[in-house]
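Secondary and tertiary structure notes
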Amino acid sequence: MDPHRGRGAQQNPVNRFDLLHCQTDEDAWIDDDPRPLRTTFLRDDSQTVLNSNDSEDLRFEYSVNPYRGCEHGCSYCYARTYHEYLGYSAGLDFESKIIVKADAPRLLEKALAKPSYKPAMIAMSGITDCYQPVERKLEITRGCLEVMARFRQPVGLITKNALVARDVDYLGELARHRAACVFLSVTSLDPKLARILEPRASSPRARLDAIRALADAGIPVGVSAAPMIPALNDSELPAILEAVKEAGGSFAFYTTVRLPGAVAEVFSAWLDRHFPERKEKILGRIRASHGGKLNSSVPGERMRGQGEPAGQLRALFHASCRRLGLATRAPELSTAAFRKVMAGQGELF
């Protein structure tokens, strides 16, 4: 039995902040039948949940992340490096040790009700997916949306999980005030590739069905074709955009893959496991899109890349969007209807 079946990473790279680490001897006894790796959920008792954003290439002022780590297990995820700040690895730890902010709805309500709070767009899933599998049981994201619906707080969501369609009631209420939009992340229409690329995320068909359900409910919805990985899924970009348009999506954006820190090791090992014959070609083209490196942190370049490969992908994206009538930006959300309320009370002012 493969103990890491259904996981994106196959090992735990060394945490860059650790001074010491353990290494197994080559002649150590190894369990011939190891048990499957189970996910552990740990409570986060942070006393704040609203994070400010000052990145010049991101269009939101605040973010809310109900979970740290992500069980979807995407091997390319840039957010893996954030787990190292918690003392964990960017590898298997990232997708099997999930930090849960159970008090997020209460903390969000408290933040929005402050006299000093000035309404602005909040992004959910700015770091890790707010609709990962355990959300079906815990409903923390749903609780946050209930708070936002009462306050009429503008929110933009991005997710790989069709579970977002569960919350059409709150999202629909916000959409009536031009205060909600949703991106479904679709990286491939091939279910076999999607299953190994994003092991515990919804299938491509389920994500397209969620787009259709949201669009039918009057909620602005589009696609995040992100990331595009050269020589792996980038050729699918026109087909993804067409499928999203047919499902009712009205806008789109994309990013090119970048591999910061330990993510490069995790993704390289993933390629060894699934596409060894294409590994050097894929990594070479990623480098060609980031000035000879596997990652770029330069605002404006980190998401779209640079050089000829990035330029070709950019041209393909814009040509496809023009042909299909897809906007290349999400609709502007409005704070005009925002109101401060308290639980069990009416409008404060």
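What counts, and at which threshold
- Note that residues are indexed from 1 along each chain, following the sequence as it is written.
- Residues qualify for local features only when their pLDDT is at least 70, as the model is predicted, and side-chain atom pairs are given and counted only at 80 or more; totals for whole chains, interfaces and linings, by contrast, use all residues.
- Think of the side-chain values as coming from all heavy atoms in the structure, minus any hydrogens and water.
- One requirement defines pairing of two strands: DSSP has to find at least two bridges between them.
- To qualify as a helix, a DSSP run of H or I must reach at least 4 residues; to qualify as a strand, a run of E must reach at least 2; elements of each kind are numbered from the N terminus.
- Residue contacts follow a heavy-atom distance rule, with two residues in contact if any of their heavy atoms lie within 4.5 Å.
- Axis geometry follows a simple rule: fit a line to the C-alpha atoms, using only the stretch in contact for helices, then measure angles between N-to-C directions, giving values from 0 to 180 degrees.
- The distinction between a cavity and a pocket rests on a 1 Å grid over the protein atoms alone: a 1.4 Å probe fits inside a cavity but cannot get out, while a pocket stays open yet meets protein on both sides within 12 Å along at least five of seven lines, and a residue with an atom within 4 Å of a point counts as lining.
- Grid points are joined across faces, edges and corners, and a volume is the space filled by probe spheres set on the points.
- Given a helix with a known number of residues, its expected span is that number minus one, times 1.5 Å.
- Here's how the labels work: a residue is buried when its accessible area is under 20% of the maximum for its type, exposed when over 50%, partly exposed in between, all with a 1.4 Å probe on protein chains only.
- Think of it as the arc spanned by the lines of direction from the helix axis to the C-beta atoms.
- Only residues whose relative accessible area exceeds 30% and that form no salt bridge enter a patch; like-charged residues are grouped when within 9 Å of one another, and nonpolar side chains (Val, Leu, Ile, Met, Phe, Trp, Tyr) when within 5 Å.
- Here the open area of atoms and residues is found with the Shrake-Rupley method and a 1.4 Å probe, where only the protein chains shown may cover a residue.
- A side-chain nitrogen of Lys or Arg and a carboxyl oxygen of Asp or Glu constitute a salt bridge if their distance falls within 4 Å.
- For the purposes of these results, a polar contact is taken to be a pair of N or O atoms within 3.5 Å, where, inside protein, one atom must be able to donate a hydrogen and its partner to accept one; residues adjacent in sequence count only when each atom of the pair is a side-chain atom.
- The charge count treats Lys and Arg as positive and Asp and Glu as negative. His and the chain ends do not count.
- By definition, any crossing whose near helix is turned counterclockwise from its far helix by less than a right angle is left-handed, and any crossing with a clockwise turn is right-handed.
- Any residue outside Ala, Val, Leu, Ile, Met, Phe, Trp, Tyr, Cys, Pro, Asp, Glu, Lys and Arg is labelled polar, Gly included; the first ten of those are nonpolar and the last four are charged.
- Two rings belonging to Phe, Tyr or Trp (six-membered ring only in the last case) form a pair when the distance between their centres is within 6.5 Å. Interplanar angles under 30 degrees mark stacking, angles over 60 mark edge-to-face geometry, and anything in between is tilted.
- Think of pLDDT as the predictor's per-residue confidence, scored from 0 to 100.
- What we call a nonpolar core is a set of buried Ala, Val, Leu, Ile, Met, Phe, Trp, Tyr and Cys residues that are connected through their side-chain atoms within 4.5 Å.

A few words now on the sheet that holds strand 3 (residues 62–64). What the seven strands build is an open sheet, ordered 2-3-6-7-8-9-10; its pairing is mixed. Edge positions in the sheet fall to strand 2 (51–52) and strand 10 (251–256), since each of these pairs with one other strand and no more. Lying over the sheet, helix 11 (residues 307–324) contacts strand 9 (221–228) and strand 10, oriented at roughly 170° with respect to strand 10.

The next thing to look at is empty space enclosed by the protein. In this structure the tally under the stated criterion is one cavity of 30 Å³ or more. Taken as a whole, the largest cavity encloses approximately 30 Å³ of empty space.

It is worth spelling out helix 7 (residues 204–216) at this point. Here helix 7 spans 19 Å end to end across 13 residues, near enough to the 18 Å set by a 1.5 Å rise per residue. For helix 7, the full list of buried residues reads Pro204, Arg207, Leu208, Ala210, Ile211 and Leu214. All buried residues of helix 7 fall inside an arc of 155° around its axis, so they share one side. Pointing more than 90 degrees away from the buried face of helix 7 are the exposed residues Arg205 and Asp216. Summarising the contacts, the buried residues of helix 7 are in contact with helix 5 (168–175), strand 8 (180–185), helix 6 (191–197), strand 9 and helix 8 (237–247). In the stretch just after helix 7, Gly218 is the one whose phi turns positive, near 80°.

Side chains of Tyr78, Tyr82, Tyr85 and Ile127 sit close together on the surface and give an oily, nonpolar patch of about 390 Å² of accessible area. Along the chain, Tyr82 turns up in the loop between strand 4 (67–68) and helix 1 (92–96). With relative accessibility at 40%, the residue Tyr82 sits in the partly exposed group.

With that settled, consider the side chain of Thr141. By the secondary structure assignment, Thr141 is in helix 4 (residues 140–151). According to the relative accessible area criterion, Thr141 is buried, its value standing at 0%. From its side chain, Thr141 meets the backbone oxygen of Cys130 in a polar contact 2.5 Å long. Contacts of Thr141, omitting those with residues within four sequence positions, involve Pro66, Tyr67, Met124, Cys130, Tyr131 and Glu135.

A few words on the side chain of Glu236. With respect to the helices and strands, the residue Glu236 is situated in the loop between strand 9 and helix 8. Despite being buried, Glu236 has no salt bridge partner; Arg278 is the closest side chain of opposite charge, sitting 8.6 Å away.

Looking now at the packing of helix 7 against helix 8. Packed helix pairs are characterised by how far apart their axes lie and by the angle those axes make with each other. Packing of helix 7 against helix 8 leaves a shortest axis separation of 8 Å and a crossing angle of 35°. Relative to helix 8, the crossing made by helix 7 is right-handed. Here helix 7 contributes Leu208, Ile211, Arg212 and Ala215 to the contact with helix 8, which in turn contributes Ala243, Val244, Glu246 and Ala247. Tallied by class, the residues present in the contact of helix 7 with helix 8 amount to six nonpolar, no polar and two charged.

In this structure, Gly284 sits in helix 10 (residues 279–289). With 54 residues separating them along the chain, Gly284 and Pro230 place their C-alpha atoms 9.1 Å apart.

Inspection of the entire model under this criterion finds eight aromatic pairs. Summarising the aromatic geometry, the rings of Phe183 and Phe253 are spaced 5.1 Å apart at their centres and angled 90° between planes, so their arrangement reads as edge-to-face. Of this pair, Phe183 sits in strand 8 while Phe253 sits in strand 10; the two residues are 70 residues apart in sequence, bridging distant segments of the chain. With a centroid separation of 5.6 Å and an interplanar angle of 50°, the aromatic rings of Trp270 and Phe275 are classed as tilted. Among the aromatic side chains, those forming a connected cluster through ring pairs are Tyr62, Tyr117, Phe151 and Phe338.

So, on to the confidence of the model for the protein chain. Confidence in the prediction for the protein chain averages 90 pLDDT; 89% of positions are at 70 or higher. Taken together, the stretch residues 24–30 has pLDDT below 50 and engages in one contact with residues farther than four places along the chain or on a different chain.

Below, the discussion takes up the pattern of salt bridges. This model, assessed by the stated rule, comprises 18 salt bridges. Here Arg43 and Asp103 are joined by a salt bridge, their closest N and O atoms 3.2 Å apart. Linking Arg43 in strand 1 (residues 40–43) with Asp103 in the loop between strand 5 (97–100) and helix 2 (104–113), this pair joins segments that are 60 residues apart in sequence. Residue Arg43 is classed as exposed on the basis of its relative accessible area of 53%. What makes Asp103 partly exposed here is its relative accessible area of 26%.

A word on the nonpolar core. In this structure, Leu108 and Leu157 are the most contacted members of the largest nonpolar core, which totals 64 residues. Ranked by residue count, the leading element in this core is helix 4, at seven residues. Each residue touching Leu108, except ones within four places of it in the same chain, is listed here: Val49, Leu50, Val64, Ile122, Cys144, Val147 and Met148. Within the second largest apolar cluster, 23 residues are counted, among which are Ala79, Ala231, Val263 and Ala264.

All right, on to helix 8 then. For helix 8, every residue scored as buried is listed here: Leu237, Pro238, Ile240, Leu241, Ala243, Val244 and Ala247. If you follow the buried residues of helix 8, they end up packed against helix 7, strand 9, strand 10 and helix 11.

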